[in-house]
Amino acid sequence: MTPKLVLEFTKMHGAGNDFVVLDNRFYYFSTEELARIAQLLCPRRTGIGADGLLALSMPDDPAHAYRMRYHNADGSVGEMCGNGARCLARFARAAGVTIEPLRFETDAGVYEARVPADPSADVRLLVPAPAGIVPAHSLHDASQDPVFALNAGVPHALRFVDDVETVDVNTEGAAIRHDASFPEGANVDFVEAKADGRLRVRTYERGVECETDACGTGAVAAAVGAALAGVLPAAPRFEVPVDMNGGTLTVGFTLSDGVPAKVYLDGPAVYVYRGTVEV
């Protein structure tokens, strides 16, 4: 019998969006191995339980602090995960990564994070401006609210609704996620604009294949998309609280002539526990 490897891991979450985190600078797991580990550890009834697996890996460019590798619970590669990126940044600092500024590689490009010394303080992720909002043309059911497409590191579908609490997120989200408008699939965000300028968002996540407690890229897509679609009142500078099932994230950005810039995502990045598991 082949002996099993005892793997050290950390459980973390960002507003309830939870992750198994490991330091891959020591294990050097391949993409295929990370996918298998995600499939083994992420199921909630037979594993540790998480929305995805985060791996702190060596960077391709030594000018960067590290490379973030992210796998959804089903083992598929996630190009980006906003809450995961903030959690991994806090994990990296605790693991001895001291380089400033904290720029790191992802499959969606190079990002930067700002991690306060206070472990209870929010972590800020500086985000490349999402691609412009466009209608999802194959979703043309006149009885439904229109759906828009926006890329915030991963593809997102946005549906603006009057009352997000009445939406069957898992049923409607699955249908939109598999629509022909999104050949690679998409995270699906149902967005309700409140009178006080807040957004209430519920997200169906590709790769988890159900509603999650929070989605960082979804918060960014919802806030920027709401501004571009005119759902939020016009302003030169936005700082939008986005209320999700697991807590509140804040998205800030400027908007000039329909072009977003200086985008950031603030929110919690919380340690839950550390442990070991055989893989």
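See the structure above.
Values in this document were obtained by computation on a predicted structure and should not be read as measured data.

### Brief notes about unusual backbone geometry
Part 1 of the reasoning: Cis geometry is adopted by the peptide bond preceding proline 101, which originates at glutamate 100 and carries an omega value of -10 degrees.
Part 2 of the reasoning: Relative to the elements of secondary structure, proline 101 occurs in the loop between α3 (82-94) and β5 (102-106).
Part 3 of the reasoning: Positive phi values are uncommon outside glycine, yet aspartate 257 reaches one of about 55 degrees.
Part 4 of the reasoning: For aspartate 257, the location among the structural elements is in the loop between β15 (247-256) and β16 (259-267).
Part 5 of the reasoning: We note that lysine 262 has phi near 50 degrees; this positive angle belongs to a residue other than glycine.
Part 6 of the reasoning: Tracing the backbone shows lysine 262 in strand β16.

### Quick look at the pattern of salt bridges
Opposite charge on two side chains permits them to pair, given that their charged atoms come into close proximity.
Part 1 of the reasoning: Within this structure, the stated rule accounts for 18 salt bridges.
Part 2 of the reasoning: Between arginine 44 and aspartate 18 there is a salt bridge; the shortest N-O distance is 2.7 Å. Of this pair, arginine 44 sits in the loop between α2 (31-41) and β3 (52-57) while aspartate 18 sits in strand β2 (residues 17-23), placing them 26 residues apart in sequence.
Part 3 of the reasoning: Judged by its relative accessible area of 49%, arginine 44 falls in the partly exposed class.
Part 4 of the reasoning: With relative accessibility at 9%, the residue aspartate 18 sits in the buried group.
Part 5 of the reasoning: Across the pair arginine 103 and glutamate 112 runs a salt bridge whose closest N-O atoms are separated by 3.2 Å.

Rules used throughout
- Residues numbered from 1 in each chain as written.
- Predicted model: local features only at pLDDT ≥ 70, side-chain atom pairs only at ≥ 80, totals over all residues.
- Heavy atoms only, no water.
- Helix = DSSP H or I, 4+ residues; strand = E, 2+ residues; numbered from the N terminus.
- Salt bridge = Lys/Arg side-chain N within 4 Å of Asp/Glu carboxyl O.
- Buried < 20%, exposed > 50% of the residue type's maximum accessible area, 1.4 Å probe, protein only.

All quantities given are derived from atomic positions and should not be read as evidence of function.
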